[in-house]
Structure formats: C-alpha cells, structure tokens
Amino acid sequence: MNTTDIIEQTIAFVKETLKDAEGGHDWFHIQRVFKNSLLIAKDEPKADPLVVGLGALLHDIADAKFNDGDETVGPTLAQQFLESINVDTTVINHVVKIIENISFKGGNFEQKFKSLELDIVQDADRLDAIGAIGIARCFNYGGFKKRKLYDPEIAPNMQMTKEQYKNSTAPTINHFYEKLLLLKDRMNTESGKKLAEQRHAYMETFLTQFYDEINGRK
C-alpha cells in the first residue's frame, strides 16, 4: 500500500472514530493539526512525511481526558489500526511514541522520546491550542467540563504536578496562564516558533479586553 492510500485510510478511520467527539478534540482539530504539521514539515526536509502525517492524524485518537485518564488507550488503538492496514513496524513504533509523548501534561512531564517528527506534530498541536482557535477550544472544553468561566478567588497554579493538572477543576481563564501562554516558548521548530508569535499576541490582546470588561474599564 502506498503512502497516499495509508493516509486516506487513516483519515477515514479518524473521522469515523471521532464523529461524536467533543468540539475541541474532534476531526476538525485533527485536520488543523495535520495541515499545520505538513506546513511545518516543508521546512524540515529530514522529516519522514508518513510518520508526520500519521502522527498528526492519530495523536488524539483516544485522548486520555475522555478515557478516564487512561493514557494507554490512544497508543494501543493507533497501533492496532496501523497493523490492520499493514503499515511498516518501524513507522508504527514511531507513531506510537509520538502519541505517548506529545501531550503538555502540566508542563512538568519529562518526554521519554525525542524525534524531529514528534517536534513537528507537537508544534502543530500546540499551535491549535493558541490564538483564536485556541481561545475557542479552551472555553468550549471548560463548558464541556462545567467549569467556572472566571473566579478572582482562585489563582492559577503554576506548579502543578502531572496528576494535579489532569484533575484540575479551576476556572477556564486560569488555563491561559497554566498552559496556553507558556506554549510560545516551548515550540520546537523555527517554523513553529514563527507561527506561534502572532497567535500568542492575539491571546494577550484577548486577555486585556477580557479584564477590561470584567472590571468595567473603558
């Protein structure tokens, strides 16, 4: 099976699997990450395009947030699917490692694996967590979890462990400080860093407007 067929079958599998997913982690999120991964990969000729494409398409196939915190579901499901369409074992192992290591997890998670392909997909995923799309996804997920929009009595926690981050019930606005505003300086590739600059600035503008409205300022 050629690369195009593998990608097309994977797209069909992801669309079907995520047809009822929460709006910030649905097929359209995957599609954006896939497109941004290919965009970044254009400036990284040493990257394996098949690994990048499959890593992007399958990175959220079963996000632990929606599987009782179980981080093994996604990698296992991805591996089973790729084996079912006879993808090379080396490629499968690489894609599984990308899925296992892509997540932010409070910023205190030590990656056990590094590769250029992971760097690319991780940057693309982080780009979708910031800017206008990132703001929309943030509040969509907060509503999905029935979290407060804002509470001045609950300060952002910048020293959370991985478990504290995973189980946090803090107001949605806190997530900007606990994750979103940190991502610009955690991009891996030069292309990712450049793309993150404008999106980060947009979030800062949003927050200024948000607090002006909260506090009744002109």
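About the cut-offs
Residues numbered from 1 in each chain as written. Predicted model: local features only at pLDDT ≥ 70, side-chain atom pairs only at ≥ 80, totals over all residues. Heavy atoms only, no water. Axes fitted to C-alpha atoms, helices over the stretch in contact; angles between N-to-C directions. Helix = DSSP H or I, 4+ residues; strand = E, 2+ residues; numbered from the N terminus. Parallel < 35°, antiparallel > 145°, perpendicular 65-115°, else oblique. Left-handed = near helix turned anticlockwise from the far one by under 90°. Contact = heavy atoms within 4.5 Å. Nonpolar A, V, L, I, M, F, W, Y, C, P; charged D, E, K, R; others polar. pLDDT = per-residue confidence, 0-100. Phe/Tyr/Trp six-rings, centres within 6.5 Å; stacked < 30°, edge-to-face > 60°. Buried < 20%, exposed > 50% of the residue type's maximum accessible area, 1.4 Å probe, protein only.

Caption draft 1: Local environment of the packing of helix 2 (residues 27–41) against helix 3 (residues 49–58). Relative orientation of the contacting elements helix 2 and helix 3 amounts to 155°, with a least axis distance of 8 Å. Comparing the axis directions of helix 2 and helix 3 gives the class roughly antiparallel. Read as a crossing pair, helix 2 and helix 3 show a hand that is right-handed. Between helix 2 and helix 3, the contacting residues are Trp27, Ile30, Val33, Phe34, Ser37 and Ala41 on the first element and Val52, Gly53, Ala56 and Leu57 on the second. In the contact of helix 2 with helix 3, the residues fall into 8 nonpolar, 2 polar and no charged.

Caption draft 2: Summary view of the confidence of the model for the protein chain. Mean pLDDT over the protein chain works out to 91, with 94% of the residues at or above the 70 mark. Within the protein chain, the lowest mean pLDDT, 75, falls on helix 8 (residues 162–166), and the highest, 98, falls on helix 3.

Caption draft 3: Region of the structure containing the packing of helix 1 (residues 3–17) against helix 3. Between helix 1 and helix 3, the least distance of the axes is 10 Å, while the angle of their chain directions is 5°. Looking at the two axes, helix 1 sits roughly parallel to helix 3. Here Thr3, Ile6, Ile7, Thr10, Ile11, Phe13 and Val14 of helix 1 come into contact with helix 3, specifically with Leu50, Gly53, Leu54, Leu57 and Leu58. Within the contact of helix 1 with helix 3, the residues separate by chemical class into 9 nonpolar, 3 polar and no charged.

Caption draft 4: Local environment of the packing of aromatic side chains. Across all of its chains, the model carries 9 aromatic pairs by this definition. Ring geometry for Phe176 against Phe206: centres 5.8 Å apart, planes inclined by 20°, an arrangement best described as stacked. Here Phe206 lies in helix 10 (residues 190–214) and Phe176 lies in helix 9 (residues 174–178), a separation of 30 residues in the sequence. With a centroid separation of 6.0 Å and an interplanar angle of 40°, the aromatic rings of Phe206 and Phe210 are classed as tilted. Here Phe206 pairs with Phe210, and both are found in helix 10, just 4 residues apart, close to one helical turn. Overall, Phe206 belongs to the partly exposed group, its relative accessible area being 24%. Here the aromatic cluster, defined as three or more aromatic residues joined through ring pairs, consists of Phe139, Tyr150, Phe176, Phe206, Phe210 and Tyr211.

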